[in-house]
Amino acid sequence: MTDRASAIAAFLAHHGLDTAKRQPLAGDASARRYERVTTTDGGTLILVDTPAPAEDLLPFIAIGDTLCGLGFSVPGIVAAEVEAGLALQEDFGDDTLSRLLAAGADPRPLYELATDVLIELHRRFPVKEAARLGLPSYDAALFAQQVALFAEVYVPAATGKAISDTVLADLEAAWAAVIPAACAGPQSLLLRDYHVDNVMRLPRPGLKAAGLIDYQSAGLGPVAYDLVSLLEDARRDVPADLAESLLNRYVSAFPDLDAAAFRRSYAVLGAVRHARIVAIFVRLALQQRRRGYLVHLPRVWRLLEGQLSKPELAPIADWFARHLPPGTRADFVVPEPD
């Protein structure tokens, strides 16, 4: 038994679960692991195992407390050993919105529920709470840093050579020309990975029917980011008419919102997110042999190019046209690692 396995066994034993049945659950692109643990009375809990508790577990607990206080459904923490990166939390079951959609559920009410959660979150979240929680600021500098992963990982993989200092400086200047304006509007809690894989359908009334399960990387940032994460999903096609309807639903909920500025922010932040996701999926394939995400690359490229076609993204589109010719985008075949 490894040291980590021993630590987990001791943690479970401390909470009377030493003989409990354990079932591994599908993970995500992070290093976190999850297991479903069956208790002696037949109930279930979720075991969270993270190697980075300061980055994952501490903020998850703190932000979860705030979200619960605002009236949203988040998993209750039953027990935790924060320094060990271990926790037992409430089990919300298996009904992610993505599973319900895959089973043939009508997408409109599910996406409306997820959109309405964002509307209410942006109404209720007190901005001053971000400072108390010590949340990161998703500002222009942070987004520029995040999108730099595209130059670091994707460009060398697709072109066969490291990006030159001059080409990199041109890309940084292009992003600097568009990102600050996208961050200049209203701010709220930014959940970061808000999409149908991370929202559960619960048998609860109203907005409590949406169970939120992934928010440890949340921060304070522009309100358009989570909406574009939901409606321009890297893993699932959202019909264009439904996405437009939900975008209008969000904008209509805030009569004082500058709708044109919001849509520009939506486009720029969508491009930022898509470029970063392209790089993350390629990095997982090249460095960790996790090639399953590559099936989504054509979709993410399609979404990215859709945003690049908009006037507010002209500097980025120009850079892409000059430095990523045909054969280096959606049709680029990521090589097998050596």
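Residues numbered from 1 in each chain as written. Predicted model: local features only at pLDDT ≥ 70, side-chain atom pairs only at ≥ 80, totals over all residues. Heavy atoms only, no water.

**A word on the overall build of the protein chain**
Alright, step 1. Helix and strand content of the protein chain: 12 helices and nine strands.
Alright, step 2. Radius of gyration (C-alpha) of the protein chain: 21 Å, near the 20 Å computed for a compact globule of 338 residues.
Alright, step 3. Dimensions of the protein chain, computed from C-alpha atoms along their principal axes, come out at roughly 60 × 55 × 40 Å.
Alright, step 4. Every one of the 338 residues in the protein chain was classed for burial, and the buried ones make up 50%.
Alright, step 5. For the protein chain, the computed accessible surface area is about 15200 Å², with 54% contributed by carbon and sulfur atoms.
Alright, step 6. Averaged over its 33 positive side-chain charges, the protein chain has a centre that lies 2 Å from the centre of its 42 negative ones. (Helix = DSSP H or I, 4+ residues; strand = E, 2+ residues; numbered from the N terminus. Rg over C-alpha atoms; globule rule 2.2 N^0.38 Å. Buried < 20%, exposed > 50% of the residue type's maximum accessible area, 1.4 Å probe, protein only. Areas by Shrake-Rupley, 256 points an atom, 1.4 Å probe, with all protein chains shown as cover. Lys, Arg positive; Asp, Glu negative; His and termini not counted. Charge placed at Lys NZ, Arg CZ, Asp CG, Glu CD.)

**Observations concerning the nonpolar core**
Alright, step 1. One finds Phe150, Trp175 and Phe262 to be the most contacted residues of the largest nonpolar core, which totals 101 residues.
Alright, step 2. Apart from residues lying up to four places away in sequence, Trp175 is in contact with Val147, Pro180, Ala271, Val272, Ala275, Leu313 and Ile316.
Alright, step 3. By size, the runner-up hydrophobic cluster in this structure holds 11 residues, among which are Phe11, Leu17, Leu45 and Ala79. (Core = buried A, V, L, I, M, F, W, Y, C linked by side-chain atoms within 4.5 Å. Contact = heavy atoms within 4.5 Å.)

**A short note on the sheet that holds strand β4 (residues 77-81)**
Alright, step 1. Read across the open sheet, the five strands follow the order β1-β2-β3-β5-β4; overall the sheet is antiparallel. Every interior strand has two partners, whereas the edge strands, β1 (21-24) and β4, have only one. The average undirected angle you get between the axes of adjacent strands in this sheet is 25 degrees.
Alright, step 2. Across six bridges, strand β2 (residues 33-38) lies against strand β3 (residues 44-49) in antiparallel orientation. (Pairing = 2+ DSSP bridges. Axes fitted to C-alpha atoms, helices over the stretch in contact; angles between N-to-C directions.)

**Section: the packing of aromatic side chains**
Alright, step 1. Throughout the structure, instances matching the rule amount to 13 aromatic pairs.
Alright, step 2. Arranged with centres 5.4 Å apart and planes meeting at 70 degrees, the rings of Trp319 and Phe320 form a pair that is edge-to-face.
Alright, step 3. Aromatic ring contacts, followed pair by pair, group Phe150, Tyr154, Trp301, Trp319, Phe320 and Phe332 into a single cluster.
Alright, step 4. One residue, Arg123, lies across the ring of Phe254, its end atom 5.6 Å from the ring centre.
Alright, step 5. Lying over the aromatic face of Phe72, Arg124 brings its terminal NZ or CZ to 5.1 Å of the ring centre. (Phe/Tyr/Trp six-rings, centres within 6.5 Å; stacked < 30°, edge-to-face > 60°. Lys NZ or Arg CZ within 6 Å of the ring centre and 35° of its normal.)

**Details of the layout of surface pockets**
Alright, step 1. Considering only enclosed or pocket space, the second largest pocket measures out at about 350 Å³ in volume.
Alright, step 2. Forming the boundary of the second largest pocket are 16 residues, of which Leu231, Glu232, Ala240, Ala243 and Tyr266 lie nearest the centre.
Alright, step 3. Sorting the residues of the lining of the second largest pocket by element identifies α9 (240-252), α10 (259-288) and α11 (297-308) as the ones contributing at least two each.
Alright, step 4. Among the elements that make up the lining of the second largest pocket, the one with the highest residue count is α9 (four residues).
Alright, step 5. Within the lining of the second largest pocket, the residues separate by chemical class into seven nonpolar, no polar and nine charged. (1 Å grid on protein atoms, 1.4 Å probe; cavity = no way out; pocket = protein on both sides within 12 Å on 5 of 7 lines; lining within 4 Å. Points joined across faces, edges and corners; volume = space filled by probe spheres on them. Nonpolar A, V, L, I, M, F, W, Y, C, P; charged D, E, K, R; others polar.)

**With respect to the pattern of salt bridges**
Any two side chains of opposite charge can pair, on the condition that their charged atoms come close.
Alright, step 1. In total, this model carries 24 salt bridges according to the counting rule given.
Alright, step 2. A salt bridge links Asp49 to Arg33, with the shortest nitrogen-to-oxygen separation between them at 2.8 Å. One end of the pair, Asp49, is in strand β3; the other, Arg33, is in strand β2, with 16 residues separating them in the sequence.
Alright, step 3. Take Asp49: its relative accessible area is 6%, and that puts it in the buried class.
Alright, step 4. Here Arg302 makes a salt bridge to Asp237, at a shortest N to O gap of 2.7 Å. (Salt bridge = Lys/Arg side-chain N within 4 Å of Asp/Glu carboxyl O.)

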